[in-house]
Amino acid sequence: MRYFLGIDVGSVNSKLSLIDERRNIVYLDTEKLSSGPRLTVKSLIARLADKIDLQKIVGAGVSGSGRTAISKELGWAEYSDSLAIASGLLHFHPDAKTIIQIGGQTSLIIGLEDGLRKPWKVASNPLCAAGTGRFLEQQAYRLGISMEDMSSLALKSEEAPPRIAARCSVFAKTDLIHLQQKGVSVETMLRALCDSVARMVASFRKGPFEEPVYLVGGVAANLAIAKMLNEVISARNGHETKVSVPENYLHMESLGTAMLSMDKTSHVTLLPEKDERERFFQLPKLEIVPAKDGKLLKKIEKECTGYLGVDIGSTSTKAVILDETGKEVIGKNYLMTAGRPIEAVKEVFSNLLKEGADKIRIEGVGITGSGRYLVGSFIGADLIKNEITAQSRAAEDLDAEADIIEIGGQDSKLVIKRNGVVIDYQMNKACAAGTGSFIDELAEMLGISVTNGEFADLAFKAPYTIDLGTRCAAFMAQAVGSAQQQGMPLEIIVASLASAIAKNYLSKVVGNRSLGDKVILTGAVFYNKAVVSAFHGQLGDRELIVPEHKEISGAIGAALLAKEQMVGRKSSFRGFQRVVESKCTLTSFICKGCDNNCTITRMQMSGEKATYYGSRCDRYDSDATHAKKETLFDRREEMLFREYKKDSGTGPSVGLPRALLVYDFAPLLIGFLNALDVRCVISSQTTKEIVEKSLELSYADSCFPLKLLHGHAAMLEDTDYILYPSAIRLGAVKGDENQKYSCPLVQASPYIIRSVIGLEERMLTPTIDFSQGDGDVIKNLTEVAVKMGFSKKQGKIAAMAGLRSLRKFELDQANLGKEILEELRQGDKLGVVIFARSYMSQDAGANLGIAEKMAQ
């Protein structure tokens, strides 16, 4: 009997399949990639040799991201993932039309028309962990849930899952943190995660999914993912569509590889080990830097006065008790939030009670962190402050002149001070690179701990470091995997990760800012001596200060701020024991009061009035400062669309997407359509549904405002026409250096959506180039009118009416500006200017209501 071998060398696991000449499965095996693909494949082949004589294997093939592990001299055939997956599945299910593969770091959607006889279409995830098994592992690890339990827990949730961003793993993680702080149950969050992956994967492909649909790859073991894919694809197709998980879903690619190799001749043998370290440029090793760690605190024995600070962070909860002078820490506790902020703060208080906190008379309580509002109400905080304010206050007592580098679990902060005054601050922009979770997750991927000194011990053993890049956490995971695949020793990878967190922070957070001569390094990540060493190496001759209580500096700052504010006032603190014993019920629901669809958290404590969190208006929030406020942007929007007459007009219906340059030229376009007496239909303000539709339809690397145009245009599918101009230059040219060009993508946007949405002749695209004068704009709008069946005369009259409307809007807008400036001069008010394109500053759905937030 002759045998044929297929090996799929993936990013997380390698899979082996052996078949006979009748295509029967003889042997299947799997090995996790822990020491690089070459050693993993060697291990698989060694186990295979114990089962069968390798000389009987006449053909062999390899696929997957690590297929270079097989030397060319052996004559193994190499196959693309999509070909191998399709070949394997079609053997067992020849009726397949769509194959969804979700693996450790890649996801594919393969569209088949006639098996492999006609070209197949492949859509894949961008270089991002969202929509992959690795993404799910990262989130489950954060919540302390095993992958085995994730599916069963997610299926227990009967609530509609709240939306978690499917765009990338970092954005999704941020949404998850917000849900944690709102008290959403772990089961519901896990279901939302599975829903996120399903939506992300489905977004790779436009239009309906041809049936039958099959799901393969390691993530197919997660029944919750399969269920969510059923729901997402059924909604896309407009009818119930079943996603089937075939037998041997994990080995489908390696089986296809073996079948494709049946007409090949290959040599199968045990693989020799190979050293490829010379591929990497060697950088300096990490040098041990002396660092002062916080000393163990004694149990509190005497009654005294103190101040309490609490920091509810994205990944951890911290509390500190300062003495009455505010100079000495007399009690502290730190633990992981684990998705349960209320339970976490109760546990922290319980631990403080064991150390004698009941002997402290608390005179003031300050709270900070991403969960400060919810937990602040629960414990009776006197002062709620943001993290940057709290960190800055704590740093004052260390060195008032020093800049502050603070690295938390999910975010990193920079505060720059001159002469003791904060002059600039910065946070990481929705990216985990340069944060604590960045190190935690990559270390966990390598199977080592950052909490017991193992990470640092390994890092300092490395004779040199290598450059893993200054990229996002998802790319860094790939860089680490690549280094593993090329045989790089573990200690060098670990040391290089410590350097990477410093480089990522300096690249993404500090950027071009100039740091002072002294810098405070704070945050629990700086207990890792390898990270401290890496920052010393990157920051040169600057004096670096690592606080003794670095892990609770935010809580210390909150306590100090409370101390300063509470002079002569009585604290609202409920008391440690009362908080620990308090029964609190958290529920959540989606408010349908408007298109924002906010997720509202209701906190009910025994015998007290319920409080609500999470809305963008005052419909539920108990805090009066959250009341809806009209802003000047609301007044501008009224002026912008004041001539819009909904459901009026007798001619054809013409849709106007409320996106991009419509926020500048709406009066021109509406005035033009009104003069033609057509029925003008403007899409609604940006909602979550429009955002999701936009992300589904748009090109992954385009900017958010351009993506939104796709969703707004798709909402106008029932209109006879869609009017959206190609705006080239937005005003008269003022010399070669200022031609007032719009962005090239904005210029091309109508042609992009015409192609993506399939608008063809329904799309009306006049060119607007005011550098050519009003006459050119009138001519181009007239041509559009003719396409709708109007005469040139009617079109010209309408175009001139549109221009008059635009000029009136511009004049009124300028007069409003003068009125506002005069009001500021005459009154005692603070004026804040928001610099942005109109399509960002005016669209509250895109900018998350920044103007209203500032007004509040």
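Residues numbered from 1 in each chain as written. Predicted model: local features only at pLDDT ≥ 70, side-chain atom pairs only at ≥ 80, totals over all residues. Heavy atoms only, no water.

1. A closer look at the overall build of the chain
Regarding its fold elements, the chain presents 28 helices and 29 strands. A compact globule built from 856 residues would reach a C-alpha radius of gyration of about 29 Å, and the chain, at 31 Å, matches this within 12%. Principal axes of the C-alpha set define a box for the chain whose edges measure 85 × 85 × 60 Å. Counting all 856 residues of the chain, 55% fall into the buried class. Contacts in the chain between residues far apart in sequence, at least 24 positions, make up 71% of those at least 6 positions apart. Seen as two clouds, the 105 positive and the 105 negative side-chain charges of the chain have centres 2 Å apart. (Helix = DSSP H or I, 4+ residues; strand = E, 2+ residues; numbered from the N terminus. Rg over C-alpha atoms; globule rule 2.2 N^0.38 Å. Buried < 20%, exposed > 50% of the residue type's maximum accessible area, 1.4 Å probe, protein only. Contact = heavy atoms within 4.5 Å. Lys, Arg positive; Asp, Glu negative; His and termini not counted. Charge placed at Lys NZ, Arg CZ, Asp CG, Glu CD.)

2. Re the pattern of salt bridges
For the coordinates displayed, the defined rule picks out 33 salt bridges. We note a salt bridge from glutamate 113 to lysine 118, for which the minimum N-O separation is 3.5 Å. Here glutamate 113 falls in the partly exposed class, since its relative accessible area comes to 47%. Residues joined by salt bridges that share partners form a network here, namely Arg393, Glu396, Asp397 and Glu564. (Salt bridge = Lys/Arg side-chain N within 4 Å of Asp/Glu carboxyl O.)

3. Examining the confidence of the model for the chain
Scored by pLDDT, the chain has a mean of 86; 91% of the residues are at 70 or more. Per-residue pLDDT stays below 50 along residues 621-626; that stretch engages in 11 contacts with residues further than four places along the chain or on separate chains. (pLDDT = per-residue confidence, 0-100.)

4. Here's the deal with the sheet that holds strand 13 (residues 329-336)
Read from one edge of the open sheet, five strands run 13-12-11-14-15, paired in mixed fashion. Of all the strands in the sheet, the pair left with one neighbour each is strand 13 and strand 15 (383-384). Its contacts with the sheet put helix 10 (residues 372-379) on strand 11 (304-312), strand 14 (360-368) and strand 15, and the angle it makes with strand 14 is roughly 160 degrees. (Pairing = 2+ DSSP bridges. Axes fitted to C-alpha atoms, helices over the stretch in contact; angles between N-to-C directions.)

5. Structural notes on the packing of helix 4 (residues 147-156) against helix 7 (residues 223-237)
Put simply, helix 4 and helix 7 touch, their axes get as near as 7 Å, and they point 45 degrees apart. By the angle between their axes, helix 4 is oblique relative to helix 7. Between helix 4 and helix 7, the residues in contact are Ser151, Ala154 and Leu155 and Leu223, Ala224 and Lys227, respectively. Looking at the contact of helix 4 with helix 7, its residues break down into four nonpolar, one polar and one charged. (Parallel < 35°, antiparallel > 145°, perpendicular 65-115°, else oblique. Nonpolar A, V, L, I, M, F, W, Y, C, P; charged D, E, K, R; others polar.)

6. Things to note about the environment of alanine 140
The residue alanine 140 is located in helix 3 (residues 133-143) in this model. Put simply, alanine 140 and lysine 354 are 214 residues apart on the chain and 31 Å apart in space, counted from C-alpha to C-alpha. With residues up to four places along the chain from it excluded, the contact list for alanine 140 reads Ile145, Met147 and Met150.

7. Notes on unusual backbone geometry
Going from glutamate 211 to proline 212, the amide bond is cis rather than trans, its omega being 0 degrees. Relative to the elements of secondary structure, proline 212 occurs in the loop between helix 6 (186-202) and strand 9 (213-216). The phi angle at arginine 23 is positive, at roughly 70 degrees, despite the residue not being glycine. Look at arginine 23 and you get partly exposed, because its relative accessible area is 34%. Its identity as a non-glycine residue notwithstanding, asparagine 419 has a phi of 55 degrees, on the positive side. Among the structural elements, asparagine 419 can be located in the loop between strand 17 (412-418) and strand 18 (421-427).

8. A closer look at the pairing of strand 19 (residues 518-522)
Strand 19 sits mainly inside the fold: four of its five residues count as buried. Sheet analysis places strand 16 (residues 403-407) next to strand 19, joined by four bridges and oriented parallel. In the sheet register, aspartate 403 faces strand 19, and the bridge partner there is valine 519. Here three bridges tie strand 19 to strand 20 (residues 543-545), and the two strands are oriented parallel to one another. The partner of valine 519 across the bridge, within strand 20, is leucine 544.

9. Let's talk about the packing of aromatic side chains
Applying the stated criterion to the full structure yields seven aromatic pairs. Measuring from ring centre to ring centre gives 5.1 Å for phenylalanine 349 and phenylalanine 576, while their planes differ by 75 degrees; the resulting arrangement is edge-to-face. Residue phenylalanine 349 is found in helix 9 (residues 341-354), and its partner phenylalanine 576 is found in helix 18 (residues 576-581); the two are separated by 227 residues along the sequence. Exposure remark for phenylalanine 576: the relative accessible area of 5% places this residue in the buried category. Between the aromatic rings of phenylalanine 526 and phenylalanine 535, the centroid separation amounts to 5.3 Å while the plane-to-plane angle is 70 degrees, which identifies the pairing as edge-to-face. The exposure class of phenylalanine 526 is buried, given its relative accessible area of 1%. (Phe/Tyr/Trp six-rings, centres within 6.5 Å; stacked < 30°, edge-to-face > 60°.)

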